[in-house]
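One letter stands for each residue in the lines below.
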Amino acid sequence: MKPKILFIDDEINSLKAISAILEKSGFEVITAKTAEEGIGKLHNITPNCILLDYRLPGMNGIEMLKWLKEKNYHIPIVILTAFGTIEKAVEAMKLEAFHYLVKPVDPDLLIDVIKEAATKHTIPLDYSSYEKKFPEIIGRSKAIREVFYIIEMVAKSNANVLITGESGTGKELIARAIYKHSLRKNKPFVVVDCTTIPENLLESELFGYEKGAFTGATEKKKGLIELANGGPLFLDEIGELPLNLQKKFLRFLQEKEIQRLGSLNKIKVDVRIISATNQDLERAVKEGAFREDLYWRLNVVRIHLPPLRERKEDIPLLVQHFLNKYAKENNKPIPNLEPEVMDALMSYDWPGNIRELAHVIERAVVLSPSGIISIKHLPRRIKEKSGWEERRRFYEITI
Ligand SMILES: Nc1ncnc2c1ncn2[C@@H]1O[C@H](COP(=O)(O)OP(=O)(O)OP(=O)(O)O)[C@@H](O)[C@H]1O
Ligand SMILES: [Mg+2]
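Conventions used here
Residues numbered from 1 in each chain as written. Chains lettered and ligands numbered in written order. Predicted model: local features only at pLDDT ≥ 70, side-chain atom pairs only at ≥ 80, totals over all residues. Heavy atoms only, no water. Axes fitted to C-alpha atoms, helices over the stretch in contact; angles between N-to-C directions. Helix = DSSP H or I, 4+ residues; strand = E, 2+ residues; numbered from the N terminus. Parallel < 35°, antiparallel > 145°, perpendicular 65-115°, else oblique. Left-handed = near helix turned anticlockwise from the far one by under 90°. Contact = heavy atoms within 4.5 Å. Nonpolar A, V, L, I, M, F, W, Y, C, P; charged D, E, K, R; others polar. Buried < 20%, exposed > 50% of the residue type's maximum accessible area, 1.4 Å probe, protein only. Domains from an automatic or database assignment. Buried area = accessible area lost by both parts, 1.4 Å probe. Salt bridge = Lys/Arg side-chain N within 4 Å of Asp/Glu carboxyl O. Polar contact = N/O pair within 3.5 Å; in protein donor to acceptor, adjacent residues only side chain to side chain. Lys, Arg positive; Asp, Glu negative; His and termini not counted.

> Describe the packing of helix H14 (residues 315-329) against helix H15 (residues 339-347), with residues and values.
Taken N-terminus to C-terminus, the directions of H14 and H15 make an angle of 120°; their axes are 10 Å apart at the nearest point. When the interaxial angle is binned, H14 and H15 end up oblique. Helix-helix and strand crossings are classified by hand; for H14 and H15 the assignment is right-handed. Contacts between H14 and H15 involve Ile 315, Pro 316 and Val 319 from the former and Met 342, Leu 345 and Met 346 from the latter. Residue composition of the contact of H14 with H15, by class: 6 nonpolar, no polar and no charged.

Written out as structure tokens, the structure is:
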């Protein structure tokens, strides 16, 4: 039996052309011109995959995706979007669309994607390509795979990206990965950490100044925004940007021009903003501590990194990664772990996330003399959490 594809698109030409390509590759294609019509057809057929145009009269593609999800239809969905609506694609991925394709579609890519989608239940997805592409990012949890996917999609675009997550979850690592895979990779990666630059210097650091602009401005100086021209500007801890600078920064994003302090000259600057925060920016917006208009400018694409305790399946891979790294750095053979060490690492909550895990492994590598890491090489908070101390006390008493 041929795999069935339900293809929904309101443009007749696109409907005909893409259907022809799919039919030639051995698919049975059922077409509909609106989401509503497509939904009607679902009463009679169960397609292996739905190819769905984003822009439709009436219910749009994302709305249909939401509807299918609510109604528990487990059919892989591939979204078609027009060029330049990458945010829609990201939104679709967040709603667990299988893939997205940009019009005009490359026929070979179309066939590959549809084939993979239509056989989704039988073929395991291959993540080895992600491992090759992003060797510095360790993890195979669903959360991390989604992050890989979004990075791939957005890296080559110019969309601003906001990365959120608790401290130590890898926000800067992800920001650098986007940069490395972007068209701006040959420009410098300029970092502004809004917490480490004192508030009274932040404005002049960002925008630069002319000689004599203020007491102490003995030479003119380019600001970090200007230095980032052509590349990305990584704004770390964006939630700490003071309100008066938020306004000025927004103006820069709108006009793509800056004025150094003490100058009336406008300088054109082209930067892509990648920002990160461990704060709840939505709440800051509600409380009036963060400008809503700026928030929307920065939050074109959102990447959220869940805390490590919500993706514990990544712990073993991360532990191995850090064992290799710190053994090498300390000129030691890669140590082995006694089994209860991994138990303890898995049952701990990791409030400091991956950074804390890295430190714990580094310490254990340094402390273990014999190439074997045992529970005694872990910090007390982790031993206690795992209940190991209690078990040991019990053991000592009963022996
Ligand atoms: N998935 C990962 N694979 C490998 N290393 C990781 C991963 N995530 C984070 N790390 C490492 O953990 C450390 C902390 O990551 P990073 O500095 O990117 O976190 P952050 O979210 O920016 O933290 P903070 O909010 O404290 O600034 C870094 O050394 C980073 O390389
Ligand atoms: Mg950081």
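There is more to say after this.
> Tell me about helix H9 (residues 199-207), residues and numbers included.
Every buried residue belonging to H9 is among Leu 202, Ser 204, Leu 206 and Phe 207, and all of these are buried. On its buried face, H9 is in contact with strand S7 (190-193), strand S8 (208-209), helix H10 (224-227), strand S10 (232-236), helix H11 (243-255) and strand S11 (257-258). Once H9 finishes, Gly 208 follows within two positions and takes phi at roughly 80°, a positive value.

> I'd like a description of the domain arrangement of the protein chain, backed by residues and values.
Taken domain by domain, the protein chain consists of domain 1 (4-118), domain 2 (142-305) and domain 3 (309-398). Put simply, the middle of domain 2 and the middle of domain 3, counted by C-alpha atoms, are 36 Å apart. Taken residue by residue, the interface counts 7 residues in domain 2 and 9 residues in domain 3. Carbon and sulfur atoms make up 35% of the surface buried where domain 2 meets domain 3, a total of about 600 Å² over both sides. In this assembly, domain 2 and domain 3 are joined by 1 salt bridge. Note that Arg 309 is salt-bridged to Glu 166, the shortest N-O span being 2.5 Å. At the junction of domain 2 with domain 3, the criterion picks out 6 residue pairs in polar contact (both at pLDDT 80 or more). Residues belonging to the side of domain 2 that touches domain 3 are distributed by class as follows: 2 nonpolar, 3 polar and 2 charged.

> Describe the side chain of Lys 4, and please don't skip the residues or the numbers.
Looking at the secondary structure, you find Lys 4 in strand S1 (residues 4-8). Here Lys 4 occupies a buried position and makes no salt bridge, while the nearest side chain of opposite charge, Glu 28, is found at 4.7 Å. Dropping the residues within four chain positions of it, Lys 4 is found in contact with Glu 28, Ile 30, Pro 47, Asn 48 and Cys 49.

> Help me get a handle on the packing of helix H7 (residues 142-155) against helix H8 (residues 171-180), residues and values and all.
H8 packs onto H7 with a crossing angle of 40° between their chain directions and a minimal axis gap of 9 Å. As judged from the angle between their axes, H7 and H8 are oblique. Classified by chirality, the crossing of H8 by H7 is right-handed. Residues Val 147, Ile 151 and Ala 155 of H7 form the contact with H8, whose participating residues are Ile 174, Ala 177 and Ile 178. In terms of residue class, the contact of H7 with H8 is made up of 6 nonpolar, no polar and no charged.

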